[in-house]
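# Architecture and fold: a report
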Protein chains: 2
Amino acid sequence: MLGSIPTTFFFLKPMTSLNLIKIAKMAGVSRSTVSRVINDHPNVSEGVRERVQRIIHDTGFQPNLSARSLRSRRSNIIGLVLPQTMDTLFSDPYFPVLTQGIARACNDYKKTLALFIEGSDKDIGQRVTQEGLLDGFVVQSVKLQESFSKKILNSNIPFVFIGRPDDPRHSFIDVDNIKGGKLAVQHLLNLGYQKIAHITGDLDTNAGKDRLLGYQMVMQELTPGFDENLVCMGDFLEESAYKVVPSLIQKGVDAIFVASDQMARGAIRGLADLGLRVPEDVGIIGFDDLSPAVSANPMLTTIHQPVREFGYKAVEMLLEKLENEDAQAQQVIMDVELIIRDSCGAKQRFIEVERH
Amino acid sequence: MLGSIPTTFFFLKPMTSLNLIKIAKMAGVSRSTVSRVINDHPNVSEGVRERVQRIIHDTGFQPNLSARSLRSRRSNIIGLVLPQTMDTLFSDPYFPVLTQGIARACNDYKKTLALFIEGSDKDIGQRVTQEGLLDGFVVQSVKLQESFSKKILNSNIPFVFIGRPDDPRHSFIDVDNIKGGKLAVQHLLNLGYQKIAHITGDLDTNAGKDRLLGYQMVMQELTPGFDENLVCMGDFLEESAYKVVPSLIQKGVDAIFVASDQMARGAIRGLADLGLRVPEDVGIIGFDDLSPAVSANPMLTTIHQPVREFGYKAVEMLLEKLENEDAQAQQVIMDVELIIRDSCGAKQRFIEVERH
DNA sequence: TTGTACGCGTTATCAT
DNA sequence: ATGATAACGCGTACAA
């Protein structure tokens, strides 16, 4: 019975997969000529070029990428490695925006973006350095696993860090976190706050360390008898800030520089639980300026970092490296900016500031 | 002068890229045998297998993926297509979580995930259907571009929709949005609210339509003289809800079912601007239950949809399709759940409900 | 300007 | 169980 299946069956799966040879035959030229047309080589006569292009267009032919990358040793795929634990990864709006910038650059430069998220399996280093898969990759440089670092350093596939890595000889792009910390504290001091606390980011990251450093530098310089107890540990996530608020209030702080907008929201929630309002009772400045975290109630004053832009730039750095593999490692530091909204109380305190 | 470049130059680029032949020579066997070992073919004697595996391990050899997929016609890369405009994409926590579920499945099944975000360039359909790049892809089915739909339907590369597409003959996975809408409204009615409004999602999407439908069904059945004017248009994003709050308050509503948590936050902010508190003055229920949107102040009562899980499941459906290309299209609807927190006022109104 | 021929590294078929 | 050999589709040096 099965044997009675009509032969029209074969028409269902066309399996017509086109290739250079078929196009060449249709155009009455050789395979090489078609290849040259596709790759925009100069030495093709105008008539032939047009004829071939017409056929390619009409048939919808697209060259096989596997074959192409096997031969040319270029896959035109670049990787994005996010080596953080999956649970915290996407509750932080930083990563989506970063990914967006990177994806946009890949679109613009006609690259395919492969996404690697370190999960339960530890062989992400294997996958990323696997031959013939990626031309290079961009890697978020927080909490890199030892085995992963070793793997990528031993391979000769180019990569660019996002965020300053521990070994600063590698190419990386980052924002000026120290300046960001300074800007925040200076603004609070300008507004007349007396006792300014800091809830840190994850101090295993350079971003967390540097934001703290900026805070400390300004506090030590401008506030006599600066008390290190005004610093509380956080981890960039909301809950960590929520928890430490009561202890800070007990110390009598009137403003807090919080190392991420997520945590700023946690802090505001913690203050609300204590019946305290922002900015009337306590002034708050966050860090990141990423939607939707800033549109809390009240709107957050924060330090803007151009995440989307440096995701884009990271790809460009990588592509440069691919063009010229012997180029020097490149380090780029992007600027940050104070964005004044409601949570710092600038509007209420403006007149007071004017007096100085 | 150039001719005087020392020949040691050649040593700089080791170009030692291993391949089957080199491994074969080291092991004293043929290329085929090495290939068999790598692919776990049964017909290899134990001694040879161990010897070859040892060399592979010691050298760190990994087969070239381009060559492999050229020959086997399997790239082991699957695509994720997010065909929304880039600006709104990542301000919605839905997409990061979805991506996370998909990435996890790709890890588990040893697939590489390629991310395609529809940007300014319109040739995403070209890229996705390009031969030899993807084995298949998963596509978020909101607002598909005409040209894109045509492209993927004409190609014979398998795909699975996330969210019910307009043509329900395709494989897709979705949640029961109608039930979600019903659950929300029923809960508000149970709590004794009298005038329940709805701020819709983007009504160009089936999710937006279905949540509205669930609302309408319950309201028409259980509230006599249901007023269609209680429905306001939104687009899933915060700002759209923020704007319509005043008009709803004028109509005297005492509760709002909002079609996304993002919008729920916008609504709460809008109410705060009018001096109204949630849930004391107005009860709110959202939809999504995605961190961090739910940890607003107050914590959101909302409809939970298992976004991470259905991202994962979508990949599994795609992989099944790859195994068995002639299989029937598959449609999967996942369940939703009411999560009671603070914004609906259940705690305050509990006793009142008990009386009934 | 165009065509011929070889090789990229792998898997699969066919011998042995 | 193992090895020789033929594809897979493409790019390019070289020849014409």
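I will try to describe carefully the structure that is included in this document.

About the criteria used
Position numbers for residues start from 1 in each chain and track the written sequence from start to end. Ligands are numbered from 1 and chains lettered from A, in the order in which they are written. Thresholds applied to this predicted model are a pLDDT of at least 70 for local features of residues and 80 or more for the giving and counting of side-chain atom pairs; totals over whole chains, interfaces and linings are not thresholded and use all residues. For side-chain calculations, the full set of non-hydrogen atoms in the structure is used, while hydrogens and water are omitted. We define proximity as follows: a residue is near a molecule or strand when any one of its heavy atoms falls within 4 Å of that partner. Pairs of N or O atoms are called polar contacts if they sit within 3.5 Å, as long as, within protein, a hydrogen donor faces a hydrogen acceptor (for residues adjacent in sequence, only side-chain-to-side-chain pairs). Numbering goes from the N terminus for both helices and strands, where a helix is a DSSP run of H or I of at least four residues and a strand is a run of E of at least two. Following the grouping adopted for this structure description, the nonpolar residues are Ala, Val, Leu, Ile, Met, Phe, Trp, Tyr, Cys and Pro, the charged ones are Asp, Glu, Lys and Arg, and the polar ones are all others, Gly among them. What is meant by a nonpolar core is a set of buried Ala, Val, Leu, Ile, Met, Phe, Trp, Tyr and Cys residues, joined one to another through side-chain atoms within 4.5 Å. Burial classification: accessible surface area is computed with a 1.4 Å probe over protein chains only, and a residue below 20% of its type maximum counts as buried, one above 50% as exposed, and the rest as partly exposed. Between Lys or Arg on one side and Asp or Glu on the other, a salt bridge is scored when a side-chain nitrogen of the former is within 4 Å of a carboxyl oxygen of the latter. When DSSP finds two or more bridges between two strands, those strands count as paired. Axis definition: a line fitted to C-alpha atoms, over the contacting stretch in the case of helices. Angles run 0 to 180 degrees between N-to-C directions. In what follows, a contact means two residues having at least one pair of non-hydrogen atoms within 4.5 Å. Between rings of Phe, Tyr and Trp, where Trp is taken as its six-membered ring, a pair exists when centres lie within 6.5 Å; planes separated by under 30 degrees are stacked, by over 60 edge-to-face, and by other angles tilted. Roughly parallel means an angle under 35 degrees; roughly antiparallel means over 145; roughly perpendicular covers 65 to 115; every other angle is labelled oblique. Summed over both partners, the accessible area lost on bringing two parts together, with a 1.4 Å probe, is the buried area. Helix span, as expected, comes to 1.5 Å for every residue beyond the first. Note that the arc is defined by the directions from the helix axis to the C-beta atoms. For this overlay, a least-squares fit was computed on C-alpha atoms, restricted to residues scoring pLDDT of at least 70 in both copies. Less than a right angle of anticlockwise turn of the near helix away from the far helix marks a crossing as left-handed, whereas a clockwise turn marks it as right-handed.

Near DNA strand C you find 27 residues, and of these Ser32(A), Ser45(A), Arg71(A), Arg73(A) and Leu20(B) are the closest. Atoms of DNA strand C within 4 Å of the protein: sugar and phosphate make up 59%, bases the balance. A distance of 3.3 Å separates a base oxygen of DNA strand C from a polar side-chain atom of Arg31(B). Sorting the residues of the surface near DNA strand C by element identifies helix H3 (31-38) and helix H5 (65-72) of chain A together with helix H3 (31-38) and helix H5 (65-72) of chain B as the ones contributing at least two each. Here the surface near DNA strand C is composed, by residue class, of nine nonpolar, 11 polar and seven charged.

Let us look at the nonpolar core. Counting 145 residues, the largest nonpolar core has Tyr215(A), Ile284(A), Tyr215(B) and Ile284(B) as its most contacted members. Of all hydrophobic cores here, the second largest spans 34 residues; its members include Ile77(A), Phe116(A), Leu133(A) and Phe148(B).

Attention now moves to the protein's contact with DNA strand D. Around DNA strand D, 27 residues are found, and the nearest of them are Leu20(A), Arg71(A), Asn43(B), Arg71(B) and Arg73(B). Close to the protein, within 4 Å, the atoms of DNA strand D belong to sugar or phosphate groups at a rate of 53%. Arg71(B) places a side-chain nitrogen or oxygen 2.3 Å from a base nitrogen of DNA strand D. If you tally residues by element for the surface near DNA strand D, the top one is H3(B), at four residues. Broken down by class, the residue content of the surface near DNA strand D amounts to eight nonpolar, 12 polar and seven charged.

With that out of the way, let us pick up unusual backbone geometry. Residues and elements named next belong to chain A. With an omega of 5°, the peptide bond running from Val278 to Pro279 counts as cis. Its identity as a non-glycine residue notwithstanding, Asp40 has a phi of 60°, on the positive side. Looking at the element boundaries, Asp40 is found in the loop between H3 and helix H4 (46-59). One non-glycine residue with positive phi stands out, namely Asn76, at about 60°. Take Asn76: it is sitting in the loop between H5 and strand E1 (77-82). We classify Asn76 as partly exposed; its relative accessible area is 29%.

Evaluation of the coordinates by the stated rule reveals 18 salt bridges over all chains. For Asp342(A), the salt bridge goes to Lys347(A), with nearest N and O atoms at 2.6 Å. On the basis of relative accessibility, which here comes to 25%, the residue Asp342(A) falls in the partly exposed class. Of the residues examined, Lys347(A) reaches a relative accessible area of 63% and is grouped as exposed. Residue Asp167(B) pairs with Arg169(B) through a salt bridge whose shortest N-O separation is 2.5 Å. Arg169(B) sits in the exposed class, given a relative accessible area of 66%. Connected via shared salt-bridge partners are Glu238(A), Glu239(A) and Arg269(A).

Let us look at the sheet that holds strand E4 (residues 159-162) of chain A. Reading across from one edge, E11(A)-E5(A)-E4(A)-E3(A)-E1(A)-E2(A)-E2(B)-E1(B)-E3(B)-E4(B)-E5(B)-E11(B) is the order of the 12 strands in this open sheet, with mixed pairing throughout. Whereas interior strands pair on both sides, the edge strands pair on one side only; in this sheet they are strand E11 (331-334) of chain A together with strand E11 (331-334) of chain B. Across the sheet, the axes of successive neighbouring strands diverge by a mean angle of 20°, strand direction being ignored. Pairing of strand E5 (residues 172-175) of chain B with E11(B), which is carried by four bridges, proceeds in the parallel orientation. Within E11(B), the position partnered with Asp174(B) by the bridge is Ile333(B). Here helix H7 (residues 94-108) of chain A sits on the sheet in contact with E1, strand E2 (112-117), strand E3 (136-140) and E4 of chain A together with strand E2 (112-117) of chain B, set at roughly 170° to E1(A). Running at roughly 150° to strand E3 (residues 136-140) of chain B, helix H9 (residues 146-154) of chain B makes contact with strand E1 (77-82), E3 and strand E4 (159-162) of chain B of the sheet.

Within this structure, the stated rule accounts for 14 aromatic pairs over all chains. On the basis of an interplanar angle of 85° and a centroid distance of 5.0 Å, the ring pair of Tyr94(A) and Phe95(A) is categorised as edge-to-face. Using a relative accessible area of 4% as the deciding quantity, one classes Phe95(A) as buried. On the numbers, 6.4 Å between centres and 50° between planes, the contact of Tyr94(B) with Phe310(B) is tilted. With Tyr94(B) in helix H7 (residues 94-108) and Phe310(B) in helix H14 (residues 307-323), the pair connects residues that are 216 residues apart, well separated along the chain. As far as burial versus exposure is concerned, Tyr94(B) and Phe310(B) are alike and both buried.

What follows deals with the packing of H3(A) against H4(A). All names here are of chain A. The contact between H3 and H4 brings their axes to 10 Å, and the two run at 85°. One finds that H3 runs roughly perpendicular with respect to H4. Side by side, H3 and H4 meet where Thr33, Val34, Arg36, Val37 and Ile38 of the first sit next to Val48, Arg49, Val52, Gln53 and Ile56 of the second. Its residues assigned to classes, the contact of H3 with H4 comprises six nonpolar, two polar and two charged.

Our next topic: the interface of chain B and chain A. Contact residues are listed per partner, giving 56 residues for chain B and 56 residues for chain A. Summed over both partners, the interface of chain B with chain A buries about 5000 Å², with 48% contributed by carbon and sulfur atoms. For the interface between chain B and chain A, the tally reads zero salt bridges. Taken together, the connections running from chain B to chain A amount to 18 residue pairs in polar contact (both at pLDDT 80 or more). Elements represented by at least two residues in the side of chain B that touches chain A include exactly H5, helix H6 (86-89), H7, E2, helix H8 (124-129) and helix H13 (261-273) of chain B.

Residues and elements named next belong to chain B. End to end, helix H10 (residues 177-190) covers 20 Å across 14 residues, agreeing with the expected 20 Å (1.5 Å per residue, within 8%). The complete set of buried residues in H10 reads Asn177, Gly180, Gly181, Ala184, Val185, His187 and Leu188. Down the axis of H10, the sector holding all buried residues measures 155°, keeping them to one side. Phi turns positive one or two residues past the end of H10, at Gly192, with a value near 95°.

Before going further, it helps to spend a moment on the relation of the copies chain B and chain A. With an RMSD of 0.1 Å, the operation that places chain B on chain A is a rotation of 180° combined with a shift of 0.0 Å along the axis. Viewed as a symmetry operation, the transformation between the two copies matches a two-fold axis. Taking C-alpha positions as the reference, the residue of chain B nearest the rotation axis is Ala114(B), at 2.1 Å. Looking at chain B, 95% of its interface residues are interface residues in chain A too, so the copies touch through the same face.

Attention shifts here to the sheet that holds strand E12 (residues 337-339) of chain A. Residues and elements named next belong to chain A. Read across the sheet, six strands follow the order E7-E6-E8-E9-E10-E12 without closing on themselves; strand pairing throughout is mixed. Of all strands in the sheet, those bounded by a partner on one side alone are strand E7 (231-232) and E12. As judged from the four bridges shared by strand E9 (residues 283-288) and strand E10 (residues 301-304), these two strands associate in the parallel manner. Bridge pairing links Asp288 to His304 in E10.

With that out of the way, let us pick up the packing of H7(B) against H14(B). All names here are of chain B. Where H7 contacts H14, the axes come no closer than 7 Å and their chain directions differ by 45°. What the angle tells us is that H7 and H14 run oblique. You can see that H7 and H14 cross each other, and the crossing is right-handed. Along its contact with H7, which presents Tyr94, Val97, Leu98, Gln100, Gly101, Ile102, Arg104, Ala105 and Asp108, the element H14 presents Val307, Arg308, Phe310, Gly311, Tyr312 and Val315. Among the residues making up the contact of H7 with H14, the classes are represented as nine nonpolar, three polar and three charged.

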